[in-house]
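# Analysis of the macromolecular model
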Amino acid sequence: QRVDTSDQWIVERTGIRERHRAGPDDTVASLSLTAARIAMAKAGVGPLDIGAIVLGTATPDRLLPSTACDLQALMGAHNAAAFDISAACPGFIYAIVVAEGLIASEQADTVLVVGAEKLTTITDHTDRSTAILFGDGAGAAILQRVKGGDRGLLSTFIKSDGRLAPLLLRPGGGSSDPISEKVIRERSQFMKMAGREVFKHAVLTMAEACDEAIKRAGITADQVDLLVPHQANIRIIEATAKHAGMPMSKVMVNVDRYGNTSSASIPLALAQAEQEGRLKPGTVALLVAFGAGFTWGAAVVRW
Ligand code: UT7
């Protein structure tokens with residue numbers, strides 16, 4: 001479909017130049033498998049070592065069972081407990097928080113954390129206010145208990161405000177309004193967003209999340225080497241960096257290449273930062289995200 005927009009408008013207002021669409025045979029589970037294999041190889045971990053799979057997604061392959069269970073079967077991770085987290089764009093940060101808890105409570109020693117989406121399947125390609133923004137992708141990480149040393153998760157912070165749900169939602173297709181002719185006619189199986197309102201809240205809540213995570217880590221903002229923000233809009237990223245007092249040279253940006261991939265956004269940005277040599281042992285990274293719910297969160301990590 002064609003919508004009334006221009007490349008110039010999109011680049012100026014969002015910073016997005018391209019986005020990726022999963023192939024017809026790709027599922028969220030198969031995209032996750034690709035990411036999980038890379039993360040496992042880097043961590044030197046096999047599928048049977050994994051005690052839990054925590055998968056953040058807003059676009060599960062099916063509503064029942066979880067996409068994490070499909071991923072478990074594809075991987076052969078037969079020793080794991082597997083489940084999805086529904087927390088929209090900060091899904092990866094929420095999943096990290098859950099993984100940390102699973103490790104602390106000795107439910108699991110090794111946790112696979114995934115953020116994966118096929119947002120193009122819930123995007124209304126006739127709605128110019130959202131069609132230009134979203135893409136597909138997956139990223140993964142392995143979390144393990146660190147024995148000694150000061151590397152790893154230094155702090156986390158998550159928060160939500162469900163009163164703001166009407167500003168960004170997918171109204172139809174769930175159990176309150178199951179798929180019907182009416183849902184299809186009203187196109188309510190697709191995301192709806194009040195862009196400008198969402199923008200304002202994104203800037204405010206990501207600022208709060210940065211402040212809280214930095215405070216909880218017991219560091220100051222100038223000790224952060226790399227800001228890895230959710231990639232929704234370059235203007236939101238710039239506002240967040242400004243609030244955190246970080247020059248753009250210390251900010252990971254790839255919204256131009258992938259658009260908004262929701263819970264895949266942070267792990268994709270981390271993977272690229274690592275490839276580019278921007279995450280070395282000892283690098284302090286601040287991850288921060290915001291999304292539908294509303295939900296927001298941040299984590300400080302020493303790489
Ligand atoms: O992942 C977390 C959730 N999502 C986000 O964080 C996204 C947050 N929101 C945004 O990034 C921005 O609000 C958008 C990129 C969605 C929109 O940018 P904006 O600067 O807030 O534009 P706007 O919605 O205030 O619209 C400005 C104008 C309007 O025209 P009028 O009323 O001024 O004549 C829109 O109709 O731009 C128009 N417009 C477009 N024009 C060309 C809206 N979308 C488009 C478009 N192409 N695709």
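Report on the accompanying structure. The residue count restarts for each chain, going from 1 along the sequence in the order it is written. Restriction of local features to residues with pLDDT of at least 70 applies here, the model being predicted, together with a cutoff of 80 or more for giving and counting side-chain atom pairs; totals for whole chains, interfaces and linings are based on all residues. Working from all heavy atoms in the structure, the side-chain values ignore hydrogens and water.

### Focus on the pairing of strand β3 (residues 110-118)
For the exposure calls, accessible area comes from a 1.4 Å probe over protein chains only, and a residue counts as buried if that area is under 20% of its type's maximum, exposed if over 50%, partly exposed in between. Each helix is a run of H or I in the DSSP string that is no shorter than four residues. Each strand is a run of E no shorter than two, and both are numbered from the N terminus. Within β3, nine of the nine residues are buried, which leaves the element mostly enclosed by the surrounding structure. Here β3 shows two buried faces, one formed by Thr110, Leu112, Val114, Ala116 and Lys118 and the other by Val111, Val113, Gly115 and Glu117. In terms of strand pairing, strand β1 (residues 52-56) meets β3 through five bridges, oriented parallel. Following the sheet pairing, Leu55 is matched in β3 by Val114. Following DSSP output, two strands are said to pair if at least two bridges run between them. Across nine bridges, the pairing between β3 and strand β4 (residues 136-144) is antiparallel. Across the sheet, the residue bridging to Thr110 is Gln144, located in β4.

### Observations regarding the sheet that holds strand β2 (residues 81-85)
With mixed pairing, the four strands of this open sheet are ordered in space as β2-β1-β3-β4. On the outer flanks of this sheet lie β2 and β4, each paired with one strand and no other. Between one strand axis and the next, the sheet turns by 15° as a mean value, whatever way the strands run. As defined by bridge partners, β1 adjoins β2 across five bridges and the pair is classed as parallel. In the sheet register, Gly56 faces β2, and the bridge partner there is Ile85. Contacting β1, β3 and β4, helix α2 (residues 28-43) runs over the sheet at an angle of about 35° to β4. Fitted lines through C-alpha atoms give the axes, limited to the stretch in contact for helices. The angle between two N-to-C directions lies from 0 to 180 degrees. Two residues form a contact once any of their heavy atoms are found within 4.5 Å.

### Focus: the packing of aromatic side chains
Two aromatic rings, drawn from Phe, Tyr or Trp (for Trp, its six-membered ring), form a pair once their centres lie within 6.5 Å of each other, and the interplanar angle then sorts them: stacked below 30 degrees, edge-to-face above 60, tilted otherwise. Here the structure, examined in full by the defined rule, presents one aromatic pair. For the ring pair Phe290 and Phe294, a centre distance of 5.0 Å and an interplane angle of 75° mean the geometry is edge-to-face. Exposure class is identical for Phe290 and Phe294. Each is buried.

### Quick word on the site of the ligand
The near set for a molecule or strand comprises every residue that places at least one heavy atom within 4 Å of it. In the region of the ligand, 22 residues are neighbours, and Thr5, Arg13, Arg196, Asn233 and Asn260 sit closest. Within the backbone of Gly195, one N or O atom sits 3.1 Å away from an oxygen atom of the ligand. A distance of 2.5 Å is found between an oxygen atom of the ligand and a side-chain nitrogen or oxygen belonging to Arg196. Surface accessibility in these figures is a Shrake-Rupley result with a 1.4 Å probe; residues are shielded only by whichever protein chains are displayed. For the ligand, whose unbound accessible area comes to 940 Å², protein coverage reaches 75%. Sorting the residues of the shell around the ligand by element identifies α1 (7-14), α7 (195-217) and α8 (234-244) as the ones contributing at least two each. By residue number, the principal contributor to the shell around the ligand is α7, which donates four residues. Each residue is assigned to one of three groups, with Ala, Val, Leu, Ile, Met, Phe, Trp, Tyr, Cys and Pro labelled nonpolar, Asp, Glu, Lys and Arg labelled charged, and all others, Gly among them, labelled polar. Each residue belonging to the shell around the ligand can be placed in one class, and the counts come to eleven nonpolar, six polar and five charged. Any N or O atom pair separated by 3.5 Å or less is treated as a polar contact, with the protein-specific requirement of one donor-capable and one acceptor-capable atom, and with residues adjacent in sequence counted only for side-chain atom pairs.

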